[in-house]
Structures are given as C-alpha cells and as structure tokens.
Amino acid sequence: MNQQGYVATPPYSQPQPGLGGFSTGFGQPTSSPLFGHYGNTNPSSSAPQPALLKTNVPFGSPAPVGSPPPSTHQFNQTSFQNGPSSTAQQLHRFPAPPSSCPPYSHPSQPSYPNSSLSSSTAPLANQLGNMQINNYAARQEGIPGSSPLNANLPQQFPSQPSGPGFPPQYGNYGPPIGGAQLSYPGGLPSGPAQLAGPQQKKLHPDSIPSPIQVIENDKTSRDGQVFVTNIRGQVPPLVTTDYVVQDQGNASPRYIRCTAYCFPSSSDMAKQAQIPLAAVIKPFANILPNETPLYVVNHGEAGPIRCNRCKAYMCPFMQFIEGGRRYQCGFCSCVNDVPPFFFQHLDHIGRRIDHYERPELSLGSYEYVATLDYCRNNKQPQPPAYIFMIDVSYNNIKSGLVKLICEELKTVLDRLPREEQEEVSTIRVGFVTYNKVLHFFNVKSNLAQPQMMVVTDVSEVFVPLLDGFLVNFQESRLVINNLLDQIPEMFADTNESETVFAPVIQAGMEALKAAECAGKLFIFHSSLPTAEAPGKLKSRDDRKLVNTEKEKTLFQPQTNIYETLARDCVANGCCVDLFLFPNQYVDVASMGLVTLHTGGTLYKYNNFQVHSDSHQFLNDLRKDIEKKMGFDAIMRVRTSTGFRATDFLGGIYMNNTTDVEMAAVDCDNAVTVEFKHDDKLNEDSGALIQCAVLYTSMSGQRRLRIHNIGLNCSSQLADVYKSSETDALINFFVKSAYKAILTQPLKTVREILVNQTARMLACYRKNCASPSAVSQLILPDAMKVLPVYMNSLLKSCVLAGKPEISTDERAFHRQLVMSMDVAATQLLFYPQLLPIHSMDVNSEVFPTAVRCSEERLSEGGLFLLANGLHLFLWLGVSAAPELIQGIFNVPSFAHVSTDVTRLPEVKNPYSTKLRSIINHLQSKTPYSMKILIVKQREQAEMAFRQLLVEDKSVYGGASYVDFLCCVHKEICQLLN
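Described below are features of the structure shown in this document.

**So, the overall build of the chain**
And then number 1: Each helix and strand counted, the chain has 24 helices and 31 strands in total.
And then number 2: A burial count over the chain gives 61% of its 976 residues as buried.
And then number 3: The contacts in the chain between residues at least 6 apart in sequence include a share of 75% that link residues at least 24 apart.
And then number 4: Accessible surface computed for the chain: about 35,200 Å², of which carbon and sulfur atoms make up 50%.

**Structural notes on the packing of helix α17 (residues 786–794) against helix α24 (residues 960–975)**
And then number 1: Two numbers describe how α17 lies on α24: the axes approach to 10 Å, and their chain directions differ by 105°. Between α17 and α24, the angle falls in the class roughly perpendicular. The residues of α24 that touch α17, namely those facing P787, V788, M790, N791 and L794, are Y960, F963 and L964.
And then number 2: Among the residues making up the contact of α17 with α24, the classes are represented as 7 nonpolar, 1 polar and no charged.

**Quick look at the sheet that holds strand β7 (residues 278–281)**
Working definition: the strands of a sheet are paired by backbone hydrogen bonds and lie parallel or antiparallel to each other.
And then number 1: An order of β5-β7-β24-β22 is seen for the 4 strands of this open sheet, with the pairing classed as antiparallel. Where the open sheet ends on each side, the last strands, each with one partner, are β5 (256–258) and β22 (643–649). Neighbour-to-neighbour, the strand axes of this sheet turn through a mean angle of 25°, independent of strand direction.
And then number 2: Examined bridge by bridge, β22 and strand β24 (residues 671–677) share 6 bridges and lie antiparallel to one another. Bridge pairing links D647 to E674 in β24.

**Details of the pairing of strand β26 (residues 702–714)**
And then number 1: Taken across its 13 residues, β26 has 12 buried, putting it largely inside the fold.
And then number 2: Of the pairings in the sheet, the one linking strand β6 (residues 262–264) to β26 comprises 3 bridges and is parallel in character. Of the residues in β26, the one forming a bridge with F263 is C713.
And then number 3: The pairing of strand β12 (residues 365–369) with β26 spans 5 bridges and is classified as antiparallel. Within β26, the residue paired with S365 across the bridge is H707.
And then number 4: Connecting the antiparallel pair strand β25 (residues 687–696) and β26 is a turn made up of 5 residues, with G700 showing a positive phi of about 90°.

**Quick word on the pairing of β12**
And then number 1: With respect to burial, β12 is a largely interior element, 5 of its 5 residues being buried.
And then number 2: Because side chains alternate across β12, one face comprises the buried residues S365, E367 and V369, and the other comprises Y366 and Y368, equally buried.
And then number 3: Of the strand pairs in this sheet, strand β8 (residues 296–297) and β12 are connected by 2 bridges, and their pairing is parallel. Within β12, the residue paired with V297 across the bridge is Y368.

**Focus: the packing of aromatic side chains**
And then number 1: Going through the model one piece at a time under the given rule, you end up with 33 aromatic pairs.
And then number 2: Between F732 and F733, the aromatic rings sit 5.8 Å apart at their centres with planes inclined by 65°, giving edge-to-face as the arrangement. Accessibility assignment for this pair places F732 and F733 in one class, buried.
And then number 3: Ring pairs connect the aromatic residues F524, F579, F581, Y603, Y605, F608, F617 and Y927, which therefore count as one cluster.
And then number 4: In this arrangement the basic side chain of K604 is found over the ring face of F812, its NZ or CZ atom lying 5.3 Å from the centre.
And then number 5: The lysine or arginine in question, K935, covers the ring of F893, its NZ or CZ lying 5.0 Å from the ring centre.

**Here we look at the environment of V280**
And then number 1: Within the secondary structure, V280 sits in strand β7.
And then number 2: Taking the C-alpha atoms as reference points, V280 and M820, separated by 540 residues in sequence, lie 9.3 Å from one another.
And then number 3: Beyond its immediate stretch of four places on either side in the chain, V280 contacts Y255, I256, R257, A670, V671, T672, A728, N731, D821 and V822.

**Quick look at the sheet that holds strand β11 (residues 335–337)**
And then number 1: What the 3 strands build is an open sheet, ordered β9-β10-β11; its pairing is antiparallel. The open sheet has two edge strands with one neighbour each: β9 (319–321) and β11. Direction aside, neighbouring strands of the sheet carry axes that sit 35° apart on average.
And then number 2: Sheet topology note: the strand β10 (residues 326–328)/β11 ladder contains 3 bridges and is antiparallel. Counterpart to Q328 in the pairing with β11 is V335.

**Here's the deal with helix α10 (residues 561–571)**
Because each turn of an α-helix spans 3.6 residues, side chains separated by three or four positions end up pointing in the same direction.
And then number 1: Listed as buried for α10 are Y562, L565, A566, C569 and V570. Buried residues along α10 cover an arc of 135° about the axis, so they all sit on one side.
And then number 2: Those residues of α10 hidden inside the fold are in contact with α9 (502–514), β19 (574–580), α11 (588–591), α12 (593–597), β21 (629–639) and β23 (660–666).
And then number 3: G573 lies just past α10 and shows a positive phi near 65°.

**Digging into the side chain of Q936**
And then number 1: Looking at the element boundaries, Q936 is found in the loop between β31 (931–935) and α23 (941–945).
And then number 2: Only 3.0 Å separates the side chain of Q936 from the backbone nitrogen of V877, close enough to count as a polar contact.
And then number 3: Q936 has contacts with E859, W874, L875, G876, V877, F893 and E941, leaving out every residue within four places of it along the chain.

**Details of the side chain of T598**
And then number 1: Tracing the chain through its elements places T598 in the loop between α12 and β20 (602–604).
And then number 2: Judged by relative accessible area, T598 falls into the buried class, the value being 0%.
And then number 3: At a separation of 2.7 Å, a polar atom in the side chain of T598 contacts the main-chain carbonyl oxygen of V594.
And then number 4: Every residue in contact with T598, bar those within four places of it in the chain, is listed here: A566, C569, V570, C574, C575, V576, M662, A663 and A664.

Thresholds applied
- Residues take numbers from 1 onward in each chain, read along the sequence in its written order.
- Where totals are concerned, whole chains, interfaces and linings use all residues; where local detail is concerned, this predicted model gives features only for residues with pLDDT of at least 70, and gives and counts side-chain atom pairs only at 80 or more.
- Excluded from the side-chain calculations are hydrogens and water; all other atoms, namely the structure's heavy atoms, are used.
- Strands are runs of DSSP state E lasting at least 2 residues, helices are runs of H or I lasting at least 4, and numbering of each runs from the N terminus.
- Three labels apply to residues, based on accessible area from a 1.4 Å probe with only protein chains included: buried if under 20% of the type maximum, exposed if over 50%, partly exposed otherwise in between.
- Residue contacts are counted whenever heavy atoms from the two residues lie within 4.5 Å of one another.
- Under the convention used here, a 1.4 Å probe and the Shrake-Rupley method define accessible areas, while residue burial counts only the protein chains that appear.
- Structural elements are reduced to axes, namely lines fitted to C-alpha atoms, with helices fitted over the stretch in contact, and the angle between N-to-C directions of any two is expressed from 0 to 180 degrees.
- Any angle that is under 35 degrees is reported as roughly parallel, and any over 145 degrees as roughly antiparallel; angles of 65 to 115 degrees are reported as roughly perpendicular and all others as oblique.
- Side-chain classes are defined by residue name, with Ala, Val, Leu, Ile, Met, Phe, Trp, Tyr, Cys and Pro counting as nonpolar, Asp, Glu, Lys and Arg as charged, and the others, Gly among them, as polar.
- A pair of strands is labelled paired if DSSP reports no fewer than 2 bridges between them.
- Stacked, tilted and edge-to-face are the three classes applied to pairs of Phe, Tyr and Trp rings, where Trp contributes its six-membered ring and a pair requires centres within 6.5 Å; stacked means planes under 30 degrees apart, edge-to-face means over 60, and tilted covers the rest.
- Should the NZ of a Lys or the CZ of an Arg lie within 6 Å of a ring centre and within 35 degrees of the ring normal, that charge is described as sitting over the ring.
- Note that the arc is defined by the directions from the helix axis to the C-beta atoms.
- We call two N or O atoms a polar contact when they sit within 3.5 Å, provided that within protein one can donate a hydrogen and the other can accept it, with sequence-adjacent residues counted only if both atoms are side-chain atoms.

Laid out in structure tokens, this is it:
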C-alpha cells in the first residue's frame, strides 16, 4: 500500500535550529514536509498488508458485570463475518466520528469535540454519527464525565454559542476560544465541574480500552511464571506482572526494556511506523531473591576480551570459527583471534565445549573485574565515602529537623551498603554542618571529643582537614555518636537564617577529591540560598510566565554556576543526594541540577512538620543510604551494524556523543536510549545491543557490568506493532517531552505528543489493518491503551501549564521523571486505584484495581490510590461503620481525622490487611509515600481527583473519551 499522500507533520527527532541540541524532536515545523519520528521527506515505500483477525468487541475490552449494556451496536458488519486470519494479532475496531464531524485543524493545532454540550447545541450522539452510543442517563452532579468542556479542549464546533457555567479561558492546547470551559486563573472551583444543560447521551466508558483489563489479562496469563531469555525478540511480561527471570543469553527485562522487540529492517519502514526505537536501561536494577545474582568474571591481568574493531565485550553474540581459534564479532562482523588462555574446542554444532561454564558466553548479564587500564591514573580506587551535610540555620534548628536527622544517623549508619561477601561496609563517612559558613568535623577514633573547624571563606572553599574527616563508622562510632548528640545543642541559640548552597557541594567534592575516592553527598537543606556566595539565588517564581514563550526559563537554572559544578562533580565521582524541606520557593530547577546530572536523588517535603512528616522522610533516608550502587560510572551502548544509539535521556552528564557519565548509579536509576537506522538491518542476525557500565563497587573494586539483548528485525510493519510495549513507549515520550521543555514552548511540546500518537496509529491503520469504514477507530492490540497514558502525560503538572501549580513542584516532578524506569512511569501516569471495601481479609490476594475514574467510586466505599509519589485513602460518606472502626479505631466517618499520616495499628483483620497492602505498595516504589486521608465532598478531595486520569482535570485536560475522539479525528485527517 503506497504511503504517498500521508499528511506532513512537524519533525519529531531531527535536530532543528533553536532546539538547543535536543534531538528527540520537539522542534518547530519546517517549511519542507517531514514525517514522524525520523524526518523523512519522501515516504514512498510500500508495505505489505497482512490479514488480521477482526473482532466485534470494541477494543476487546468486555464490560464488567453489572454495567449498563450499550443500547446500539453500529459496527461495520464485515467485522462480524470475516473469520480469523493467519496473523495472531488482535485488531481493535471502534465506531468513531465519521467524516461529517467538524473538520480537524492542522496537526500542529489539534481540536477536540465537546462531550457534554449545553441544551443550545446538538447532543454528542448526533455530532459523532455512527460512534457506538450508550443511551443511559448522565450520572448525578459532580461527576467529571458529565461536566462542561474542559480547559484544555480549545476548539468547539463551528458557530457554537458559549454554554452556561464557567467563562472561556486559555486551554491546554491552544488559544482562548469561546465555550463552556473551566475558569483559570481566577481561582479553582469549589468542587468538580457540574453538568451543563440537560442530560446527554454519552459514550459508555466500558466500551473503550481499559489499562486495568490489559494489566489483569497479562497477570492471568503470565503471573508467577518463569521468563526464560533464550529467545531473541521475546516480549516480556508487563512491569505490573510478577515473574521470575531465568537468564539464558539475553538480559533480564529488569535491566533492559524496549519500546519494540522487533525493529523495522529499514529506515524507510521506521519512518512509516513512527514508533520510537528505544531501550530503557536500568543497569543496577534489583532482582528477586530467587533469581541468580550476576556472576563476576576475572581474567586477571589479561582483562576482559574485546573485539579489536568495535570494542564490544565477549558475549553470547560472538560466533566461534576455525575450530575455536578465532571468533566473529556479532556487532561489527570483525574476525578476531581468541587469546591462548581463552581457547577451547568446538562441539559438533560449532559451540564451545565450555559454553555453559562461562557466564560471558551463555548469559545476557554478567560482570568483569577491570584491570588497572580501566582505573583513574592507573591506580586501584579507594572505597567510596558518604558525607552528611546538614543545614543548621534557624528554621531547621527550631523545627526539630536537625535533631531528627542526628538521631536517625546514629542508627542508620549501621546499615551502610556492602558487598555480599563482606561482613561490614568499607564505606567511610564524614560530617559537615553549615549556614553562612561551613563547619568540618574531625571524628578520628582516638579522639575523646570531636573537633570542629570553621571555613568562613565561602567564595573559594577549601578542606581544612584530611586525616580524621572521612572515617570508618565502626571504628569511630563513639566519637560520631558524641558529635551527633552535640550538633543540635551546639547551634540551639543560632539566629542565622541565611544559607549558602553551591559552596557546600564544592566543599564535599573537594573533600572526596583530596581523599582520592568517589562518594556521595547527603545534603539536608531548607531555604533559598541568599547569602553572599557563589550560587546565590533570588526568587523568580513568576507565574505570569506560564503559557508564554519565556515559560521554559522556569525550568532552566538561574545561573550557570550549577552547570559547572555538576560537570566538576561528575569528573570527580561525586554524587549529590538532596533532601529539601522548603516552606516557600527554593528554585528547584537551579538547586536540583547538580543532583540530576550526578545520578543523585532529589527528595522534597513541603512545609515539613516533625510530628507528621518524619515517618516519610526517615523511610526515604534509610532506603537511600542502604541502596546498592556503583560509583564513578561511565556507560557505553554499542549496537550491531545498521543502527546506532543517537540520544540519551536520564540523570546523566555527557561530555561527548557516546559516553554516558554518572557520578553514581543506583538500583532505581534508568537511562532511556534512542536508536536510529544508518543502514538496512539483517532479519537473520537481528538487532543486537550491548550496554557496558564501568564503575567502582562499594568495596572499591573497578568493574564492568555488561548487559546484552538481541531483538528481531522484520520487513513487515505488523510485526513491529505487535512487538511494541506501551509502558516503555510512555517512558520514552515523557522523558523526551520533559527534556524538550527546556528549549521549546509547552504548547509545541503538547501538540507534537498528540501528533505523534495519531501518526503511529494512522500508519497502523493504513499499512496493517484490512479495509474498513473511515468511522472506525482501529488500534493495534499492543498499543490499545497508549491514548489513555498519553492523555495522562499531557495533563501532568509539568505539561499542564497552569499558574495554580507551583514552579518548584513542576521542576521537582520533571527531575524525578528523568531518572525513572518503566515501572515508575507506568504507575505515575496510570495510578493504582484499589477498592479497599471489597478486600477479602481472609485471603492473601489483594483486591483487583479499578479504572482511574470518579465513576468507579461509590459513597459506601473506601479506595486506596497510589502513583509512586502520593498515597490517598479516600472515604465515601456512607462507608460502613464497621470498616471505619476496624481501620481507624473510631466509631464513624465523622470521627476520622484527616490530619493523620499513618494508620493506627489496630489488631483486627481489616487493619492488618490494609497495612499489608500499603507496605507492599511502598516496597515497590523508590520513594516513601505519605498517606493522605481524603473524605468525600471535602476540599482536600481536589488533589485526589487530579490523579483520576480518565476524567477531565480541574487544571485543564481532556477526559479519556474526549482524547480518543481527538486522536481519531487526527488519524482521519492524516489518512485523507
């Protein structure tokens, strides 16, 4: 089928003038037509059209028992008659707006249908033609699904009068256009948007694809199974499914997940498919206790065996020839001699006799012990060090924060990370306190009392002592505990409220540099650094810049000092973990920059109160200190001939185009790597990827961690779509978008995300689906829930562009997401909503999640919602008293206090079961989630509703149904 006539759209991944080096494609449209992800200007290649299984179920998602049945089924009748075809891929058809709908604007300015118009306009059922309509009454007031058009739906139907309710306002996707919309910035409504006009006919939500159904289907078929990695291009279980990995030649999906496990064989095909080709690599991912830890290979002074040409490391993709004396590299096809010490004979099928005895020949992931050639200055590194740097300004002393930190450090330092074979940790520790000046402490084990040395010159910081600053905790325990007892008393009478920040990082880095070791700084800070010193910041929280060309400056650092500091820290293996306790604006975009680029973690506790927030903070601190990690790391991603890594997204620093530098990399850090074709791929040999991370271990040993994965290649577009993974795609899209907002207007970024979604689905419709009515929306099975995730991304606080959301909060979320893995972004953009009232207290099974929509809530229910950062317990006004009593130990709904941040430990099945569910959810996420109790119909409910991502957002954002209509119109426009 010829692709000629496909509508030109803005480029996605071509470097453009003004893009500032951002290569993942959020640039302005150029004058010449460009196509999708790769920027092709002449998509004339043809693709075969395989036969596909048709189904008469809309999107393949059956409605749950008890839901109102659709009153009409206006499917294209051919979908009932044709039987299964040779391709075992499900095709999802959905009657949708026909061509009689209002014409769609150019892809760079999408428009949306209004799902609930006032009585002065035609009802949605009439507007959408033969879309499947459910003739049931709109629900009671207060349900977002029956609310007026939301603020991010810019364009209404032609000549449509403005409906009653809220006045027009800027939308999320375009200029202000008349119609019923949420009012911004004139304050938030006191409750959810109300129904405008009489009740309308509406699409039934159960007829559109459900992420919950997809998750449950995968669990049903693959939960608890062993995933064996011996098959190239095998699509793994979803991140939401529990599985055990058995490494047999390809890296575990815990280490590498791909957006597609079958790459298009040519660049022309890739331009047609529009699917980003990327891998999300988490090199230090935690594995299950019943999975085999990585083997460590030691070749002594000879070091790791590598290809002479491309420098790829010995792995299962190398082919041994000439009786085992030589091997052909799987990446570049170069023939290399086998070193004499590594020689072994081949068996009757050409495989080495010791194949299963050598991890580097039979496993997808393993480690090498590095030789001196891989070490700084050809010297073996010292064990790393942790330096704790505490802000002792007035607010932190008076709030009790300093005392809390010191008390916790006395116990948590016993849990410093160590290698499996070590009895005690070899990590050394040091302590600094600061306000306008810095105080270093000598805690040498032979001292009776710790000694303090003050550095007052913060313009050029130096380290006042070497011996006695970084010590072994076990040896200096008494002196350190003495110091931690004294610090709160030492500064108890301080009146100093100004602080420095950049000199603190500089001092910690210089201390590690002087000790010739890598390490991590734990900085506990609470205010904008306004004292006279390098890195001094001023408040620039200007909400007027939101939705303007200058909005991107809010995400950029205020001064280039922090950029320079980040580069120096990476060069010296100094990672920065920042714990922020702000009561007002602190410029996270500037202060968090060093944390982001050094592979560190940022934590933020707004308006911190010791009595209510200490549990969350201390859990984060314990988890952070105990993390297994590598220091002073460099990562290189190699590929087989025909494609290459072109862009890297994550908490990283890059001095060149190939080496990813991280001062540290822990079990939660993930780097997303994008690939592009530079030649045709061979379908027989596939697409091979090798990730090598050179790092210093916690014991001070230089090592190489290798992960290998082989993907399939195909000249059939259907194979590419069938092997794609929505969760990994969303991880790529969000990181690309969050990187792009540093250089592009948010409006442009949002438009390109919508266009990219439509282009991927339009290509599938044009090249893979059998002919069908234009009015049908057709989605590939592997991507059927992509629209709901993409819509959730568009409504995220970073991209929403609303003055009501603080600049710091947006910068904080942006930074967190840049280092997230696939599981974390999946949960963030589609939170887990659990009906607690229906849990079986006598079973170990947790209740099945429900869709993230207000219509799934019930007045008599209790629901737990978690997205990895926040944990809400929502209480319906008619919740059963025995359930309230069992969980809160109070007699009724009215007696429940919403101020508590921890559930009482009541000795009954309800309390025990709920707390076990919460503990399980907490264990799965890098961050500790504070529990927020939300009562139905109270003001605090607004924050909870923001996470019901299938509904319209109070900050502007389409409902899932509206977004599907938007995408379908865009697809129709592209196909026409």
